[in-house]
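Architecture at a glance
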Amino acid sequence: MLKIALPTRGNEIDSHFGHCDSYTIFSVDDKLKIVGSEILPSPKGCGCKSNIAADLKAKGVSVMLAGNMGDGALNVLSHHNITVYRGCSGDVRQVTEVFLKGNINDSGVGCQHHDHHDEGHVCNH
């Protein structure tokens, strides 16, 4: 079972990984269909300094679809064998479905400043 996590505010991807309200975790079967979801509340503190990567890994997450994140968060997630795709925005379920069709690539762009936003698109193709 594939598990995909997305930093979430409302039903949208939060553009700042470390400041999101929660993480939506979708469970995906071997036919690439979403078969379940759960919400994991976000820990207090910056994403890279929290235990969120270990918590996500313990829940079986292997993919993170995110907006922007700094190198610290990217390194911590990668250390826990979670593959990160940056540059995503929009409804969490819709973005996950686009990913499952093979239409998402990592933007390769990190968040260097806390006021940097990359808005207006579902994901980089």
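Whatever comes next refers back to the structure up there.
In this report, the structure presented in the accompanying data block is examined. Remember, predicted model here, so these are calculated numbers, not experimental data. (Residues numbered from 1 in each chain as written. Predicted model: local features only at pLDDT ≥ 70, side-chain atom pairs only at ≥ 80, totals over all residues. Heavy atoms only, no water.)

**A closer look at helix 3 (residues 92-100)**
Put simply, the test is: In this scheme, a residue with accessible area under 20% of its type's maximum is buried, one over 50% is exposed, and one in between is partly exposed, where area comes from a 1.4 Å probe on protein chains only. The secondary structure listing takes helices from DSSP runs of H or I that are at least 4 residues long and strands from runs of E that are at least 2 residues long, numbered from the N terminus. Only heavy atoms enter the contact rule, under which two residues are in contact if any of them lie within 4.5 Å. Distance and chemistry together define a polar contact, namely a pair of N or O atoms within 3.5 Å, with one atom able to donate a hydrogen and the other to accept it when in protein, and with adjacent residues in sequence counting only for side-chain atoms on both sides.
Val92, Val95, Thr96, Val98, Phe99 and Leu100 are the residues of helix 3 that are buried. Looking at the buried residues of helix 3, the elements they touch are strand 1 (2-9), strand 2 (12-13), strand 3 (22-28), strand 4 (34-41), strand 5 (63-65) and strand 6 (83-85). Structurally, the start of helix 3 carries an N-cap: the backbone nitrogen of Arg93 is 3.1 Å from a side-chain oxygen of Asp91.

**A closer look at unusual backbone geometry**
Although it is not a glycine, Leu32 sits at a positive phi angle of roughly 60°. Here Leu32 shows up in the loop between strand 3 and strand 4. A relative accessible area of 44% places Leu32 in the partly exposed class. Non-glycine residue Asn81 carries a positive phi angle of around 60°. Exposure remark for Asn81: the relative accessible area of 55% places this residue in the exposed category.

**As for the pairing of strand 3**
As a reminder of what qualifies: The criterion for strand pairing is that DSSP finds at least two bridges linking the strands in question.
With respect to burial, strand 3 is a largely interior element, seven of its seven residues being buried. Side chains Ser22, Thr24, Phe26 and Val28 project from strand 3 onto one buried face, and the interleaved Tyr23, Ile25 and Ser27 project onto a second face that is buried too. Note that strand 1 and strand 3 share seven bridges and pair antiparallel. Residue Leu6 lies in a different strand from strand 3, and its bridge partner there is Thr24. Across seven bridges, the pairing between strand 3 and strand 4 is antiparallel. From the neighbouring strand, Ile25 faces strand 4, where its bridge partner is Glu38. Counted along the chain from strand 3 to the antiparallel partner strand 4, the turn is five residues long, and its residue Leu32 has a positive phi close to 60°.

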